Amino acid sequence: MSATKKVLLVTGGGRGIGAAICRLAAKAGYRVAVNYATNQSAADALVAEIAAAGGEALAVKGDVGVEADVVAMFEAVDRAYGRLDALVNNAGVVDVKARVDEMSVARLERMMRINVIGPMLCAREAVKRMSSSHGGRGGAIVNISSAASAHGSPGEYVDYAASKGAIDTFTLGLAREVATEGVRVNAVRPGIIGTEIHASGGQPDRVERMKDMLPMKRAGTSDEVAHAVLYLLSDDASYTTGAILNVSGGR
Ligand code: NAP
């Protein structure tokens, strides 16, 4: 193990877009902490795949919406790798299709807890480790937002869209707050990407149904999102902070 290799934590890294980010980051030389909430087998399989390809990775369990889990997750990374250089706030959920006048408080609280409070808690822990004001060597955070923050997702999940709107604003504010402390903070707004998230919201056919309405007449891939994230994490983006990059095929 090389102690000089940069360390990246990806929340929700076991599947979908997060897994593509982990794979590409490991290939780029990061040691990768792969967070998962429940699907341990997906995270373990990804860690094994990265190791087989010569990379270093670690699966870390934790619900980003639970403060004690977040703290424990960052401590596990401290113990394993002894440093943290980058965070991707990728974990996120949708819910079943509903109008606002049908939404329960339980639904709204789950959505905001996982999609908004979770990334904020993770960013808090990352800043404590990376900011020069805390003795850190600097670093980068990328928040995964959604094109939904600009469209609002009416009749589908306005709560989800609003949670991503909060992420956009959080990105702008945190970027400026830590701009002189060696930490860059950016967001990526994916459009419709072919992952299991659509089935988890009760719409397994969502990509197929919507693809002809998209400017490129196709959904994006997790790899296409991952490349944008890796750029924003890299030193090539050294003057880029507070940016919100649409990776949405023109949507
Ligand atoms: P996905 O395939 O459904 O995967 C979701 C990931 O998030 C899984 O790894 C899951 O962990 C993890 N997760 C869920 N709740 C969690 C929690 N409370 N704590 C920790 N991890 C949790 O989703 P995806 O499509 O890759 O989406 C990734 C991100 O991109 C999300 O923020 C989503 O909003 C955003 N996004 C997706 C699309 C799209 O079309 N796919 C478009 C725009 C934005 P387990 O494996 O343990 O379940």
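Owing to the predicted nature of the structure, the values given are computational and were not obtained by experimental measurement.

### Digging into the site of the ligand
Link 1 in the chain: Neighbouring the ligand are 31 residues; Arg15, Thr38, Asn90, Tyr160 and Thr195 lie closest to it.
Link 2 in the chain: Take Val64: an N or O atom from its main chain is 3.0 Å from a nitrogen atom of the ligand.
Link 3 in the chain: The side chain of Lys164 places a nitrogen or oxygen atom 2.9 Å from an oxygen atom of the ligand.
Link 4 in the chain: Relative to its unbound accessible area of 890 Å², the ligand is 95% covered by the protein chains.
Link 5 in the chain: The set of elements that each furnish at least two residues to the shell around the ligand consists of α1 (16-27), β2 (31-36), α6 (158-177) and α7 (197-200).
Link 6 in the chain: Looking at the shell around the ligand, its residues break down into 13 nonpolar, 14 polar and 4 charged.

### Some points on the state of the cysteines
Here is the idea: a disulfide is a covalent bond, and it sits between the sulfur atoms of two cysteines.
Link 1 in the chain: What the rule picks out here adds up to 0 disulfides.
Link 2 in the chain: For Cys22, which is in no disulfide, the shortest distance to another cysteine sulfur is to Cys122 and amounts to 13 Å.
Link 3 in the chain: Owing to a relative accessible area of 0%, Cys122 belongs among the buried residues under this scheme.

### Thoughts on the sheet that holds strand β4 (residues 86-89)
Link 1 in the chain: Strand order in the open sheet formed by 7 strands is β3-β2-β1-β4-β5-β6-β7, and the pairing between neighbours is parallel. Pairing within the sheet leaves two strands with one partner each, and these edge strands are β3 (56-61) and β7 (244-247). Between one strand and the next, the sheet's axes are offset by a mean angle of 20 degrees, whatever the strand orientation.
Link 2 in the chain: Taken together, the 4 bridges between strand β1 (residues 7-10) and β2 define a ladder with parallel strand orientation. Residue pairing in the sheet places Leu9 in a bridge with Ala33 of β2.
Link 3 in the chain: Against the sheet, helix α2 (residues 40-52) engages β2 and β3, with an angle of about 170 degrees to β3.
Link 4 in the chain: Running over the sheet, helix α9 (residues 222-233) touches β1, β4, β5 (139-144), β6 (183-190) and β7 and is turned about 165 degrees from β6.

Cut-offs used in this document
Residues numbered from 1 in each chain as written. Predicted model: local features only at pLDDT ≥ 70, side-chain atom pairs only at ≥ 80, totals over all residues. Heavy atoms only, no water. Near = heavy atom within 4 Å. Polar contact = N/O pair within 3.5 Å; in protein donor to acceptor, adjacent residues only side chain to side chain. Areas by Shrake-Rupley, 256 points an atom, 1.4 Å probe, with all protein chains shown as cover. Helix = DSSP H or I, 4+ residues; strand = E, 2+ residues; numbered from the N terminus. Nonpolar A, V, L, I, M, F, W, Y, C, P; charged D, E, K, R; others polar. Disulfide = S-S within 2.5 Å. Buried < 20%, exposed > 50% of the residue type's maximum accessible area, 1.4 Å probe, protein only. Pairing = 2+ DSSP bridges. Axes fitted to C-alpha atoms, helices over the stretch in contact; angles between N-to-C directions. Contact = heavy atoms within 4.5 Å.

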